[in-house]
Amino acid sequence: MALKKGYAKVFLWLLVTLFLIPAITLVFAEYGTRQLDQEYSQIFIDDARTQAQDVNKLTAFLQQTPPSSVCGTVPDELLDYQNAVCAQESELWQFWMMDKVAFWTLIGGGVIVLMIVLFGALAFKDRQGQLQSLKLARPFLMLASALAVLVQGGMLVWLSFWGTAFFTQTYYPKLVMAMGLLVLAAMFYMIKGIFKKLPPEEDVEGDVVTREAAPALWSRIDALAARVGTAPPDHIIAGIDTNFYVTEAPLSVNQKGLDGRKLYVSIPLLRQLTTAQADGVMVHELTHLHEGDTASGALLGPKLHRFDQYIYLMRKDISTVMVYYPLCLYRMLFELAWQRNSREREFVADRNAATLIAPAAIVESLIKISAYASYRSEVEQTLFDNKTLHENELGISKAIAQGLPQHVSSPDFIGMMRESNVPHPFDSHPPLTERMRNVGYTVEETGYAAIASELPAESWVDLMPVAAEIEQHLWQKYERDFSSAHEESLAWRYLPEGEEETALVLKFFPPVVWTLKDGSSIELTYQGIVKPQSAELLPWDNIKNINVIKRFTKEVLYLQHVQPNAQGKKRSEIPLPGLNKEIEGFKYTLGYYWQRHQTVQALQQQEQVNAVQN
């Protein structure tokens, strides 16, 4: 239901952004054209009466050939008439022309909607169809959206002039200029989005396991790859994340780029799996290589990443909202097609693993992976929610090993497994129950706990002499990063009490001072804003809203207060003279500190609600 509402909302906004302005322009242009036809006709009739000409004959002519009817191509005998009433760039010509532009813009909007549907349908065909769909849709939608912005921007500028001039016989240059600047801003953001560079590939946390370091592991992979009928991967990466995957997309490990076919294996998960269960997982992943899933994914990934980045940029500014919704609707349809195709490919890989190894092996491996991943997430969430600093070694891996048997025996575990999707960074995975039906092997819910708590006597880790060393240094780094992230999160959560908590907040939110043109300074702290000259502290608790506005050429900090300030005012302004080059840094820091305060407030309110409920 929520998904349907999301699609309906995006589609509704798509219709609004594509058709609202052209529809308003069309209605206004036709209204103005009719009014001008009547006005010009009346002028001709009044003039004919003054000159004692045949008014009835003239009236019949004007009814048959109103002034607006000669705004296009006309016979030679009507050229004088045309020049009198609808010369190029004249008042009537503008209304007539804008009527045509608005009409064809509405038609163009309909074409855009139709093409989005067709491109989405192509993406549902297969993975090759997705490649073709994205290849065609991306340039078409970017170009069509840019044209829509230009045309509708022109309409807004025209409406901002004639909308007031037609009814009040005056116009407002600032309004016209504002509409023009809005169009220029939209074009700037679109060009910026098209040429914006992609961020570098993220470094995968893990170590490359060479053939020399683990010959038995590679031998096992080679044998399984031969059974699948595919070449073995070029690289094996061992890590501690809770997933297995293959990819041909570029990535780096320890700052070193890797090309070709790559297999990622999780050492903690391998410790949970029997040799046969691990064989099933590896055949599953090698099947993705054999079927070309990773090759097509490597081609599609960068294009999709760039497209997503462009969509994100179009969403950030109100001037490009018209561009955002067509792109967004297509992206949502594409994601549905991607997920459906990915589920089908997972079923193919599962069936191959069941055929070459055993149905039980692949199903039991899925149960164990889900159990371990869910419990690890629970352990880490508990540690992260802790409101005190972690001073000692976290021991996440030990905590998981000790608590997993109890976790899998709890009623919550069964509920989680009913909706379980195995974590995977590149594909969407179907629910466990569907995967069991797909391979023809079902485990009753009452049997999940026994399978998940079973520790194998032998595992693939025995084939990897370097496993313990890799695991140890990765866990150490992971826990350092975890503790660092937790420490920063506390700075966002504390309403500090005592020296230790205050010192922690100050570590991430120290006082920041900006010197103004008159020699005074404004200071931002976690407690509030220190005003220039008076050094009065305006606490965040008494600030309802903040905004930095530009008044003429001067920047001003505008504040709305919850309660009247020291001067008894609910609103106040702080001039910021001389911050020209530093104003963006000031606004960023202001928003950052303000957001921390709002986060603290929200957490306090939630704690009060929880206390009342308990």
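Each value, and the rule that gives it
Chains are numbered independently. Their residues run from 1 in the order of the written sequence. Totals for whole chains, interfaces and linings use every residue, but because this is a predicted model, local features are given only for residues with pLDDT of at least 70 and side-chain atom pairs only at 80 or more, for both listing and counting. Excluded from the side-chain calculations are hydrogens and water; all other atoms, namely the structure's heavy atoms, are used. A run of H or I in DSSP counts as a helix once it spans at least four residues, and a run of E counts as a strand once it spans at least two, with each numbered from the N terminus. For the radius of gyration, the atom set is restricted to C-alpha positions; the globular benchmark scales as 2.2 Å times the number of residues to the power 0.38. Relative accessibility under 20% of the residue-type maximum defines a buried residue, over 50% an exposed one, and the middle range a partly exposed one, all with a 1.4 Å probe and only protein chains included. Throughout, a contact is declared for two residues whenever any of their heavy atoms are within 4.5 Å. For accessible areas, the Shrake-Rupley method is used with a probe of radius 1.4 Å. Any residue's cover is judged against the shown protein chains and nothing else. His is not counted, nor are the chain ends, whereas Lys and Arg count as positive and Asp and Glu as negative. In plain terms, the charge of a residue is placed at NZ if it is Lys, CZ if Arg, CG if Asp and CD if Glu. In short, DSSP must find at least two bridges between two strands for them to pair. Working definition of a nonpolar core: buried Ala, Val, Leu, Ile, Met, Phe, Trp, Tyr and Cys residues. They are joined through side-chain atoms within 4.5 Å. The disulfide criterion used throughout: a pair of cysteine sulfur atoms within 2.5 Å. For Phe, Tyr and Trp, where Trp contributes only its six-membered ring, two rings pair if their centres lie within 6.5 Å, and the inter-plane angle classes them as stacked under 30 degrees, edge-to-face over 60, or tilted in between. Confidence of the predictor at the level of single residues is captured by pLDDT, which takes values from 0 to 100.

What the protein contains, in helices and strands, is 19 helices and 14 strands. A globule of 614 residues ought to have a C-alpha radius of gyration of about 25 Å, yet the protein, at 33 Å, is considerably larger. By principal-axis analysis of the C-alpha atoms, the protein measures approximately 115 × 70 × 50 Å. A total of 614 residues make up the protein; the buried ones form 46% of that total. Here the analysis covers contacts within the protein between residues at least 6 apart in sequence; of these, 69% occur between residues at least 24 apart. Total accessible area on the protein stands at roughly 32300 Å², and carbon and sulfur atoms take up 56% of it. Positive and negative side-chain charges of the protein, numbering 54 and 68 respectively, have mean locations separated by a distance of 4 Å.

Across the sheet, which stays open at both edges, the 3 strands sit in the order β1-β5-β6 with mixed pairing between neighbours. Of all strands in the sheet, those with a lone pairing partner are β1 (203–204) and β6 (256–258), marking the two edges. Pairing between β1 and strand β5 (residues 251–253): 2 bridges, direction parallel. When the bridges of β5 are listed, V204 appears paired with V253.

Moving on, we get to the nonpolar core. If you look at the biggest cluster of nonpolar residues, it comprises 61 residues, and the most contacted ones within it are F244, V265, L270, M282, I367, Y448 and M464. Residue contributions to this core peak at 10 residues, all from helix α12 (residues 359–385). Core analysis: the second largest hydrophobic core is formed by 37 residues, V10, L300, F307 and L327 among them.

On to the state of the cysteines. A full pass over the atoms with the stated rule returns 1 disulfide. Between C71 and C86 runs a disulfide, and the two sulfur atoms are separated by 2.0 Å. Between C71 and C86 the sulfur-sulfur dihedral comes to about 110°; the bridge is accordingly right-handed. A residue pair is termed long-range when its members are at least 10 positions apart, and C71 in the loop between α2 (55–64) and α3 (79–85) and C86 in the loop between α3 and α4 (91–123) qualify at 15 residues. Each member of the pair, C71 together with C86, is buried.

Residue placement: D308 occurs in helix α10 (residues 293–316). The exposure class of D308 is partly exposed, given its relative accessible area of 30%. Residues D308 and L327, spaced 19 residues apart in sequence, show a C-alpha to C-alpha distance of 9.1 Å.

Counted by the stated rule, this structure contains 23 aromatic pairs. Ring centres 5.0 Å apart and planes at 5° place the aromatic pair Y245 and Y264 in the stacked group. With a gap of 19 residues between them, Y245 in strand β4 (residues 245–247) and Y264 in strand β7 (residues 262–266) connect regions that are remote in the sequence. Its relative accessible area of 1% is what places Y264 among the buried residues. For the ring pair F384 and F482, a centre distance of 5.8 Å and an interplane angle of 80° mean the geometry is edge-to-face. Here F384 is found in helix α12, whereas its partner F482 is found in helix α17 (residues 467–493), with 98 residues between them in sequence. The partly exposed category is assigned to F384, whose relative accessible area is 27%.

Moving on, we come to the confidence of the model for the protein. Per-residue confidence for the protein gives a mean pLDDT of 85, with 91% of residues at or over 70. In the model of the protein, helix α6 (residues 173–195) stands out as the element of lowest mean pLDDT, 60, in contrast to helix α7 (residues 215–228), which has the highest, 96. Between residues 421–427, whose pLDDT stays under 50, and residues either more than four places distant or in other chains, the model counts 25 contacts.

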